[in-house]
Amino acid sequence: MSTSSPVPKTADSKDLNTSPPEPELHPLVYEQRCKDFWMFLIILRCINAVCVRTFFQPDEYFQSLEPAWQMAFGTDSGAWITWEWQYQLRSSLHPALFAGIYYVANKSMTFVSIFPQVRAMALSILPNIVQAFFAGASDYYTWQLAERIYGQESNAGWAALLMTVFSPWQWFCSTRTFSNCVETTLTIAALYHWPWSISLDPTPESSADSTKSPEKSAATPARPSTFGSSKSVNSLRIALLLAGTACILRPTNGLIWFPIVMPIINRILSSSTRMNTSDYIILIREAILCGSLILLVSGISDRLYFGEWTFPPYQWLNFNVNQDLAIFYGRNDWHYYLSQGLPLLLTTFLPFGLWGILQATTTDTNSIPFLLCTTLLTTITSLSLIAHKEVRFIYPLLPILHVLAAPSIWSFFHTTATKTTHPPPFPSTPVTKTVTIINHKLLLTLLVAVNVMIGGYTTLYHQRGVLSVLTFLRQDFEAHHLTPRGIPFPTTQNETFAAFLMPCHSTPWRSQLFHPSLHAWALTCDPPIHIPAGTPERLAYLDEADRFYADPVGFLKREVGGRERPWPRYVVGFEGIEGWLRTYYREVMGEGFVVRERWRGGNTDWIDDERRNGNVVVWEFGEAEAGVRE
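Residues numbered from 1 in each chain as written. Predicted model: local features only at pLDDT ≥ 70, side-chain atom pairs only at ≥ 80, totals over all residues. Heavy atoms only, no water.

Asker: Give a description of the nonpolar core that names residues and reports values.
Answerer: Here is a general trend for soluble globular proteins: nonpolar side chains tend to be buried in one another's company. Membership of the largest hydrophobic core comes to 85 residues, with the highest contact counts inside it found for Trp-169, Leu-191, Trp-194, Trp-196 and Leu-372. Counting residues per element, this core draws most heavily on helix H20 (residues 398-413), which supplies 10 residues. With sequence-adjacent residues up to four places away left out, Trp-169 is seen in contact with Phe-56, Ser-174, Leu-344, Leu-345, Val-391, Tyr-395 and Leu-398. (Core = buried A, V, L, I, M, F, W, Y, C linked by side-chain atoms within 4.5 Å. Buried < 20%, exposed > 50% of the residue type's maximum accessible area, 1.4 Å probe, protein only. Helix = DSSP H or I, 4+ residues; strand = E, 2+ residues; numbered from the N terminus. Contact = heavy atoms within 4.5 Å.)

What follows is the structure in structure tokens.
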């Protein structure tokens, strides 16, 4: 953790922070305060991780935990490896993190003879606990960057910290195992460590200075070096390593850094703003060294996982540009990030975020807030040109939004005034001090309450059934198919325990099911890679899930019951398919057999996919008991 003192505020940042400057703390006191808040934020996010009991999107599991499970426990572990990994579109660095955690934790628990049932519970929550450390670091560096811009102990800095702590989106998403969550932490930490003086022009020389004689110009003192100390070089090195790793994980992260790096290139072309030659040498040297190190580590990791040398960022760009596969997962309006993305990220902070952006665009162009605003606009504009959009794609911008919104939200809810008192004994010399007054208390209370309710609803209730059903299946399997010591019964090792007849990737997989002997299958939705883009065949393509919902009974008759899709002990699905199951079973099995409901769990009150409406249900099939009719 870095607790270095913030850089001096620019004139522009003073304007944004309307409150009077606070006296700076002693460096040791400030360092201890930073350590205290670091621990507080880590503990808070660990609690946050335990409270998240809902499902968001499949990539939380299938782009991280499933390949991590395979890395840790081998190809026979039952992990579901999606087509993206087969075509080497994703970097293995992110799942490798969780694979190491899985492997060490499982070996440690096995060494002390912990039963598989207990290990399953521990490993199901462990990745989120690990992600909690990244989430806490994201909160911490959001606060630190705000203090670096607006000043140590500034009111805007405290506002940024409170915004990230009370953000519903952070509570809902930050402890999930998306690569976007790690990307967000890497980005805000890199922005904090970035040497902003190399991206900002020095104060322009006056016109009088420009008319100086050559003799006087030669006497002008040399420009101070940006990297004159080992501390500044280390800060640059950390920023480059973090930013480079973020770009490897998510190539679109380069859009964030483009507006920050471009001014450095522009300064080369201007003699009045050009840095010292030594600074350029250090910058280029560190960029080459850090970039080479990241590529080396990433290349070795990918070589070990994929079995050959490959470069996933290139494969990702090739498939999305040439194959146009992103559209297969949905097409959104051009204004999606403006009309839905920003409101979802900021929720009740949206007005203050928009006002903060407006303020940053009207301030001095030679300031950190202006560069951050340029980064926001460049990234959102560029990603809006892509047909497939998701709010988590702009998640790395949320800490920047909090930083820019901090001055406006603080000034709206707080004002400062001077208060004069006459301490006894009378008459005495009057004492004048500055006090902070909280404005709009009712609105502030309502804002916090709404944020807490949104965070609680989305993490404890919305789409909880698709996670709860896996806990039921795992525990039912342990009760009926394993000995008390977790050893499978020989007579049940080849049984297909469950089939998921629901839209593909509606639930997690092996990271929650755990046991490799728990055999299951689910409907797939692999894209038509083998069909050329833009052809009628591509437009008419139906994946396995589409075929099931187009003709449920016919699909079950044609495609279920063979070697690839054996009939299971349990069928898992949303309640809307129950009628189709009964029709199929009645037509195929005839009288004397029934469909029984084994488990039912509430999922959500509303969802944008009608196929996912209603409760999640587990059915089993068997002979009707005497006197019992379906």
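That shown, we press on.
Asker: Tell me about the state of the cysteines, and name the residues and values.
Answerer: Here the structure, examined in full by the defined rule, presents one disulfide. Two residues share a disulfide in this structure: Cys-504 and Cys-525, whose sulfurs sit 1.9 Å from each other. On the sign convention where negative means left-handed, the S-S torsion of about 75 degrees between Cys-504 and Cys-525 marks this disulfide as right-handed. One end of the pair, Cys-504, is in the loop between strand S3 (496-500) and helix H23 (510-513); the other, Cys-525, is in the loop between strand S4 (519-522) and helix H24 (536-539), and 21 residues separate them in sequence. A single burial state applies to Cys-504 and to Cys-525, both of which are buried. (Disulfide = S-S within 2.5 Å.)

Asker: An account of the environment of Leu-283 is requested, with residue identities and associated values reported.
Answerer: Relative to the helices and strands, Leu-283 resides in helix H15 (residues 277-306). A residue is classified by how much of its surface remains accessible, and Leu-283, at 12% relative accessible area, is buried. Along the primary structure Leu-283 and Arg-237 are separated by 46 residues, whereas in three dimensions their C-alpha atoms are 9.1 Å apart. What Leu-283 contacts, discounting residues up to four positions off in sequence, is Ile-198, Phe-227, Leu-236, Ile-264 and Met-275.

Asker: Any chance you could break down the packing of helix H7 (residues 116-150) against H20 for me, citing the residues and the numbers?
Answerer: For the pair H7 and H20, the least separation of the axes is 10 Å and the interaxial angle reads 45 degrees. Judged by the inter-axis angle, H7 sits oblique to H20. For the pair H7 and H20, the crossing hand works out as right-handed. Contacts from Ser-138, Thr-142, Leu-145, Ala-146, Ile-149 and Tyr-150 in H7 reach Pro-399, His-402, Val-403, Leu-404 and Pro-407 in H20. Tallied by class, the residues present in the contact of H7 with H20 amount to eight nonpolar, three polar and no charged. (Axes fitted to C-alpha atoms, helices over the stretch in contact; angles between N-to-C directions. Parallel < 35°, antiparallel > 145°, perpendicular 65-115°, else oblique. Left-handed = near helix turned anticlockwise from the far one by under 90°. Nonpolar A, V, L, I, M, F, W, Y, C, P; charged D, E, K, R; others polar.)

Asker: Hey, could you go over empty space enclosed by the protein for me, with residue numbers and the actual values?
Answerer: In total, this model carries four cavities of 30 Å³ or more according to the counting rule given. The volume enclosed by the largest cavity comes to roughly 110 Å³. Lining the largest cavity are 15 residues, and of these Gln-63, Arg-90, His-94, Ser-179 and Leu-249 sit closest to its centre. The set of elements that each furnish at least two residues to the lining of the largest cavity consists of helix H6 (93-111) and helix H10 (179-193). Here the residues of the lining of the largest cavity are counted per class, giving four nonpolar, seven polar and four charged. What lines the second largest cavity is Glu-183, Thr-252, Asn-253, Ile-256, Thr-379, Leu-383, Phe-393, Ile-394, Pro-396 and Leu-397. Grouping the constituent residues of the lining of the second largest cavity by class yields six nonpolar, three polar and one charged. (1 Å grid on protein atoms, 1.4 Å probe; cavity = no way out; pocket = protein on both sides within 12 Å on 5 of 7 lines; lining within 4 Å. Points joined across faces, edges and corners; volume = space filled by probe spheres on them.)

Asker: Tell me about a nonpolar patch on the surface, and name the residues and values.
Answerer: A cluster of nonpolar side chains, namely Leu-296, Ile-300, Leu-304 and Trp-309, defines an oily patch on the protein surface of about 500 Å² accessible area. Among the structural elements, Leu-304 can be located in helix H15. (Patch = residues over 30% accessible without salt bridge, like charges linked within 9 Å, V, L, I, M, F, W, Y side chains within 5 Å. Areas by Shrake-Rupley, 256 points an atom, 1.4 Å probe, with all protein chains shown as cover. Salt bridge = Lys/Arg side-chain N within 4 Å of Asp/Glu carboxyl O.)

Asker: Can you tell me about the packing of aromatic side chains, naming the residues and giving the values?
Answerer: Here the structure, examined in full by the defined rule, presents 41 aromatic pairs. Taking the centre distance of 5.0 Å and the plane angle of 80 degrees together, the rings of Phe-548 and Tyr-549 count as edge-to-face. We note that Phe-548, like Tyr-549, is buried. What links up through ring pairs into an aromatic cluster is the set Phe-37, Trp-38, Tyr-140, Tyr-141, Trp-143, Trp-158 and Tyr-192. If you follow Arg-148 out to its NZ or CZ, it ends over the ring of Tyr-192, 5.9 Å from the centre. Taking the ring centre of Phe-172 as reference, the NZ or CZ of Arg-176 above it sits at 4.5 Å. (Phe/Tyr/Trp six-rings, centres within 6.5 Å; stacked < 30°, edge-to-face > 60°. Lys NZ or Arg CZ within 6 Å of the ring centre and 35° of its normal.)

Everything listed is a geometric property; what it means functionally is a separate question.
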